[in-house]
Amino acid sequence: MAAIPSLTFGALLKRHRIAAGLTQEELAAQAGLSPRGISDLERGERRAPRKETVQLIADALNLSPAERATLETAARQRSAPPPPTTAEHTSPSSSLTQRGSASLVGRARELQFLTRQLVDGPPLLLVAGEPGIGKSRLLQAGIEQARNKGWVILTGGCHRRSGQEPYAPFVSALERSLQSLAPAQQRQQLQGCTWLVHLLPELAEMSLISRPTVTLPPEQERRLMFAAIARYLGNIAGPAGTLLVLDDLHWAGPDALDLLQSLVRVPTESPLRILGAYRDTDVAAHDPLANLVADLARENLARRILLAPLPNDEATTLLEELLPETPGTVVLRQRVLERAGGVPFFLISCVQALQAGHKDSPDDGLASEVPWTVAETIRQRVMSLPVAAQEVLNSAAIVGRSIERDILLAVTTRTVQSEEDLLAGLQACCRGRLLLEEGEHTYLFAHDLIREVVLADLGVARRGVLHRRVAEALEQGTSTTAMAVLAYHYTQAGDLQKAVIYLQSSGDAALARHANAEAAAAYREVVARLEELGRTLEAARWREKLGNVLVLLTQYDEALDVLERACETYRQTGNLEGELRALAQVGRTHRWRGTSAEGLKYLLPLLKALPKIDASQGAAAFYIALAYLYIGTGQYSEQLAAAEQAAKLARAMGDDQMHLLAQERIGSALFMLGRLEEARQVLANEVIPAGEATGNQWLLIDALGNLGAAYEALGEYPQGRTFQERAVALAERLGGRAQMAHLIFGHGMNAFCQGEWKQAHDDFTRAASLAASVGRSWSTAYPAYGLGLLALAESKEEAISYLTEAKALAERNHDLRALCWIEGALAEQDLLMGRPEAACARLTPLLKLVSPTVGYIKESLILLAWAELESGEVAQAQARLEEVLNTARTAAMRPTLVGALRVQALLLSRQGLWAEAEAALEEALALCRDMSTPYIEAKTQYVSGLVAFKHGRTQEARLRLDMALASLRQLGERLYASRIEQIV
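Residues numbered from 1 in each chain as written. Predicted model: local features only at pLDDT ≥ 70, side-chain atom pairs only at ≥ 80, totals over all residues. Heavy atoms only, no water.

Caption draft 1: Examining unusual backbone geometry more closely. Here the amide bond leading from Ala168 into Pro169 is cis, since omega sits at 15°, within 30 degrees of zero. Assignment of secondary structure puts Pro169 in the loop between β2 (151–157) and α9 (170–179). Unlike most non-glycine residues, Tyr167 shows phi in positive territory, near 60°. In this fold, Tyr167 is placed in the loop between β2 and α9. Taking relative accessible area as the criterion, Tyr167 reaches 11% and is therefore assigned buried. (Helix = DSSP H or I, 4+ residues; strand = E, 2+ residues; numbered from the N terminus. Buried < 20%, exposed > 50% of the residue type's maximum accessible area, 1.4 Å probe, protein only.)

If you want it as structure tokens, here you go:
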């Protein structure tokens, strides 16, 4: 007798398409296929579709796991017909578990439930949870466990429209079970199951069962049919029993639920277990399924597992499996995790969308798109809600991921008829786990993807209205609201006038708390909105503020672009004052960027226009900017003159703040010119106290840094460190990375001079890291110089590499001070290696670039005099030394004086003036001891030893050199130490 025939792929496809209420064209559109392709498949002209095609069709039809498995099996029948199945009926479950889903991650507690269920659990175990939470995957795990333990497994599932079909999903489960049997097995297993024909009439048509000969009341026939089904399940039982797996029970009709209850209660000879799954978000408290579950649980006939989202660590593990680590995937995983949370279906769908698009970077747009499978699932959940609940979701999506209850109610009240409807709608959103309660007053979207889909489905006009309502509710609310939030909602509502007001306040508030990136974002929006409103002159003023913040963020190129556009607006409108202000900022930006020469070319042409206007804030700011640019090009006298002119203009206006800025630049110029005591007086007695009183912290950073450097030039290193550390603390608090890089370098130089070389190395390394994060800046050469100087002293190979890098950066920035220091370090090495001509070649060109009156050139002049002395140019060396000695003594520059005295001692010893040479060295050593500078003192001891050797006092010479060597070894120094080791 023939077996119940298996449907072909085409027949199954047509059956599912019609059940879904779709035409061939509609299915083709949803699956991304051609209508002709769907037609060919249904007519059997293509009998072996590709695996990817089957997956697209199954996704478009929203098939249950069991239906998907049957469709995949039918698709494989032509090329690889399934082998005859045994009485264990494992074929359906086998196909179900091989559909290519991700492996089960986590769910250890739930798996233990499944194990106990098969051993000694009640007849029914239900798995509940929201859509996509992993119910079907857990059913598969149950199937895998049961198969290994000898259970016969039947699988069936409902779909959205199957609730209209009698006894779904039992019909499909029984059909597949019989299809898996050979004809002889079918007749054997149907023994005693006559009344099963009422459920499967085709059994009589195939002559497998005779129709009952008696007519009974419908209730009695149904009872006998239920018994026949139970009898059949007992007949086919395997060694362990029969496991009936039913998916998507939330779509089951009342008749199916009655049959389920009957099977749970009926006694059977062999064990019968039923494993079911349903969406608890789709089942209200009064629904038949909820009542059934409650009744059976009360009688200990059923248990329920409620699936929650995967914990963060387990969700991460799943993503690591789905997205093997490659460059960029770590960021991708985090992005997917943030949006999808711990819902496996969301996670898997997002990854599949990324892989389908061959995307490997979160910057690719696909990483922010919602996969259409996820979007459709979410839309179905939303559309099943009452209208009031949908309105609640719409308003919540506009507010944000986290929503205050009062704001949500205030916004939604205008679209929902009554407060009761509103509260019921809110409750429905929470019951459907679209919104979660977070504390007593706040709601949270369960997943970002839900909010994204709801937002995407709102029309532009609808979104604008809701944004306005949210903004108005926020304005009237009692809770504190960030200005940026109000600005955002008014912008989205199209009310640019109000948006600008709140954006301006938001940017100013962010700047006040040093949230510079946030301030820049707000100011960009202000400028854009003002331009939209046609208020171009006002936009230029806010471009000035934006440019200032961009400089703080070291985004110099964007700052210049913004400020130059402001200049152009002022120029076109004839606003000279505005142009001067904007040009001043352009100039200062070029200084920080390390392009001072370029900045001067931009500013100087306007200098002739300044006498035509009265003293103004713009003119004073313009001269201050010139002072900044002059220091960047080594023109310190011009810097002083520009700063003094700015101070004069500020005094004329009575502008104390502008006068203070000018005074700080005067102090800086005096320091660079070597007029240290004057610089110290201006900075310590005028600028810093006034800066502290007015709270001008950026000015304080510069003033404290320069004052610290002035103290160091005087040899007062502890005092210098105190001011440097104050400046570093301020820069750290304000987020000034470029300033921090230079100040920390200065702190390292202080430590280097005081013999704290580990601290120096740490400071130079940190400064180098900060400089690298800044990009192009005026200060980038200094950290590399510090690392090179230290490595040179320690005779490390990387010294030349660091110094070469530093020199290239200094030359690019036209930084003469850095260039003098770098060439001085290399010249000192040349001298110790016996290459005075090379040292002269390094240092002589500097004289053409830097005036001898400049403070930092003095060290280079000392080394040049040493090189000239070693080259036999004694008179030239003596004249140079006398100039440096006079300057150093007059300005009390003790470190410079020590260096000059060392070389003077060498010169005097060459002339045979031993007493004078010893006197110079004694003075130098006394200064070293007073300054507590072990490296400088060791160098001086080295020269003292050389002089003693020349004088023929060998024992004394060795003693002095041994003292120097001991100090150098303690420091870890090798440049001078190796030279001493060669001598002794």
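Don't stop here, the text continues.
Caption draft 2: Main features of the layout of surface pockets. Estimated volume of the second largest pocket: approximately 1,200 Å³. As for the second largest pocket, its lining consists of 40 residues, and the residues nearest its centre are Asn548, Gln585, Arg588, Leu661 and Trp698. Broken down by secondary-structure element, the contributors of at least two residues to the lining of the second largest pocket are α26 (516–532), α27 (536–552), α28 (556–572), α29 (576–593), α31 (617–632), α33 (656–672), α35 (697–713) and α37 (737–753). Top element by residues in the lining of the second largest pocket is α27. It accounts for eight residues. For the lining of the second largest pocket, the residue count by class is 19 nonpolar, 13 polar and eight charged. (1 Å grid on protein atoms, 1.4 Å probe; cavity = no way out; pocket = protein on both sides within 12 Å on 5 of 7 lines; lining within 4 Å. Points joined across faces, edges and corners; volume = space filled by probe spheres on them. Nonpolar A, V, L, I, M, F, W, Y, C, P; charged D, E, K, R; others polar.)

Caption draft 3: The arrangement of the packing of aromatic side chains in detail. Evaluation of the coordinates by the stated rule reveals 21 aromatic pairs. On the basis of an interplanar angle of 50° and a centroid distance of 6.2 Å, the ring pair of Phe345 and Phe346 is categorised as tilted. Summarising the aromatic geometry, the rings of Tyr711 and Phe723 are spaced 5.4 Å apart at their centres and angled 10° between planes, so their arrangement reads as stacked. A residue pair is termed long-range when its members are at least 10 positions apart, and Tyr711 in helix α35 and Phe723 in helix α36 (residues 717–734) qualify at 12 residues. Of the two residues, Tyr711 and Phe723, both sit in the buried class. Counting every residue linked through ring pairs, the aromatic cluster contains Trp592, Tyr628, Phe745, Phe764, Trp778, Tyr782, Tyr785 and Trp821. One residue, Arg116, lies across the ring of Phe113, its end atom 4.8 Å from the ring centre. Just above the ring of Tyr935 sits the side chain of Lys939; from NZ or CZ to the centre is 4.5 Å. (Phe/Tyr/Trp six-rings, centres within 6.5 Å; stacked < 30°, edge-to-face > 60°. Lys NZ or Arg CZ within 6 Å of the ring centre and 35° of its normal.)

Caption draft 4: The pattern of salt bridges, seen in detail. In this structure the tally under the stated criterion is 52 salt bridges. Where Lys939 meets Glu828, a salt bridge forms, and the shortest distance between an N and an O atom there is 2.9 Å. One end of the pair, Lys939, is in helix α48 (residues 934–950); the other, Glu828, is in helix α41 (residues 816–832), with 111 residues separating them in the sequence. The two residues Lys939 and Glu828 agree in class, both being buried. In the salt-bridge network here, residues are joined through shared partners; they are Lys807, Glu823, Asp830, Arg835 and Arg842. (Salt bridge = Lys/Arg side-chain N within 4 Å of Asp/Glu carboxyl O.)

Caption draft 5: How the structure looks around the sheet that holds strand β6 (residues 402–404). Strand order in the open sheet made by the three strands is β6-β8-β7, with antiparallel pairing throughout. Each edge of the open sheet is held by one strand with a lone partner, namely β6 and β7 (435–438). On average, adjacent strands in this sheet sit at an angle of 30° to one another, irrespective of strand direction. Most of the contacts of helix α20 (residues 405–412) go to β6, to which it runs at about 75°, and overall it touches β6 and β8 (442–445). (Pairing = 2+ DSSP bridges. Axes fitted to C-alpha atoms, helices over the stretch in contact; angles between N-to-C directions. Contact = heavy atoms within 4.5 Å.)

Caption draft 6: Representation of the sheet that holds β2. What the five strands build is an open sheet, ordered β2-β3-β4-β1-β5; its pairing is parallel. Each edge of the open sheet carries a strand with a single partner, namely β2 and β5 (302–306). Pairwise comparison of adjacent strand axes, ignoring direction, gives a mean angle of 15° for this sheet. The pairing of strand β1 (residues 124–129) with strand β4 (residues 272–279) spans six bridges and is parallel. From the neighbouring strand, Leu126 faces β4, where its bridge partner is Gly276. Along the sheet, helix α7 (residues 108–120) contacts β1, β2, β3 (241–247), β4 and β5; its crossing angle with β4, the most-contacted strand, is approximately 150°. Contacts between helix α13 (residues 254–265) and the sheet are confined to β1, β3 and β4, with β4 contributing the most and set at about 145° to the helix.

Caption draft 7: Inspection of the side chain of Arg543 at higher detail. Position of Arg543 relative to the elements: it lies in helix α27. Ignoring sequence-local partners within four residues, the contact set of Arg543 consists of Val527, Glu531, Val562, Leu563, Arg565 and Ala566.

Caption draft 8: Geometry of the packing of α36 against α37. At a minimum axis distance of 9 Å, the contact between α36 and α37 shows a crossing angle of 155°. Between α36 and α37, the angle is such that the two are roughly antiparallel. The interaxial crossing formed by α36 with α37 has left-handed handedness. Contacts between α36 and α37 involve Tyr717, Gly720, Arg721, Gln724, Glu725, Ala727, Val728, Ala731 and Glu732 on the former and, on the latter, Gln739, Met740, Leu743, Ile744, Gly746, His747, Asn750, Ala751 and Cys753. Looking at the contact of α36 with α37 residue by residue, the class counts come to nine nonpolar, six polar and three charged. (Parallel < 35°, antiparallel > 145°, perpendicular 65-115°, else oblique. Left-handed = near helix turned anticlockwise from the far one by under 90°.)

Caption draft 9: Summary view of the nonpolar core. Counting 265 residues, the largest nonpolar core has Leu435 and Tyr785 as the members making the most contacts within it. Counting residues per element, this core draws most heavily on α31, which supplies 13 residues. Apart from the residues within four sequence positions on either side, Leu435 is in contact with Val392, Leu393, Ala396, Ile403, Leu426, Cys429, Cys430, Leu444, Phe445 and Ala446. Membership of the second largest hydrophobic core comes to 51 residues, among which are Cys193, Ala256, Val283 and Val293. (Core = buried A, V, L, I, M, F, W, Y, C linked by side-chain atoms within 4.5 Å.)

Caption draft 10: Structural context of helix α18 (residues 372–383). Here α18 spans 16 Å end to end across 12 residues, near enough to the 16 Å set by a 1.5 Å rise per residue. Within the sequence span of α18, burial applies to Thr373, Val374, Ala375, Thr377, Ile378, Arg381 and Val382. Taken together, the buried residues of α18 touch α4 (51–61), α17 (344–356), α19 (387–399) and α22 (448–456). (Expected span 1.5 Å × (residues − 1).)

Caption draft 11: Fine view of the side chain of Arg339. Summarising the element assignment, Arg339 is placed in helix α16 (residues 329–340). Side-chain polar atoms of Arg339 contact the side chain of Glu452, separated by 2.5 Å. (Polar contact = N/O pair within 3.5 Å; in protein donor to acceptor, adjacent residues only side chain to side chain.)

Caption draft 12: Expanded view of the confidence of the model for the chain. Of all residues in the chain, 93% have pLDDT values of 70 or greater, and the mean over the chain is 88. Below pLDDT 50 for its whole length, residues 1–5 participates in 18 contacts with residues either more than four positions away or in separate chains. Here residues 78–101 scores under 50 on pLDDT; set against residues more than four positions off or in separate chains, the count is 48 contacts. (pLDDT = per-residue confidence, 0-100.)

Caption draft 13: The arrangement of helix α40 (residues 798–812) in detail. Taking 1.5 Å per residue, 15 residues should reach 21 Å; α40 reaches 21 Å between its end C-alpha atoms and fits that length. Within the span of α40, buried status applies to Ala799, Leu803, Ala806, Leu809 and Ala810. Along the long axis of α40, the arc covered by the buried residues comes to 125°, so they all point the same way. On its buried side, α40 packs onto α39 (781–793) and α41. Of the residues one or two after α40, His814 is the one with positive phi, at around 55°. (Arc of directions from axis to C-beta.)

Caption draft 14: Representation of the environment of Arg265 within the structure. As for its placement among the helices and strands, Arg265 is situated in helix α13. Residues Arg265 and Leu124, spaced 141 residues apart in sequence, show a C-alpha to C-alpha distance of 9.9 Å. Apart from residues lying up to four places away in sequence, Arg265 is in contact with Leu296, Glu299 and Leu301. Separated by 3.1 Å, the side chains of Arg265 and Gln261 make a polar contact.

Caption draft 15: Just the pairing of β7, in detail. Where β7 and β8 come together, four bridges link them in antiparallel fashion. Bridging from a neighbouring strand, Leu436 pairs with Leu444 of β8. Hairpin connection between β7 and β8: a loop of three residues separates the two successive antiparallel strands, and Gly439 in this loop has a positive phi of roughly 75°.

Caption draft 16: View of the pairing of β3. Taking burial as the measure, the seven residues of β3 include seven buried ones, the bulk of the element. Here β3 shows a buried face lined by Gly241, Leu243, Val245 and Asp247 and a second buried face lined by Thr242, Leu244 and Leu246. Where β2 and β3 come together, seven bridges link them in parallel fashion. Looking at the pairing, Ile153 lines up with Leu243 of β3. Pairing of β3 with β4 involves five bridges; the strand directions are parallel. Counted as the bridge partner of Thr242 is Leu272 from β4. Once you follow β3 into α13 and on to β4, the crossover reads as right-handed. (Right-handed = clockwise from strand over helix to strand, strands pointing away.)

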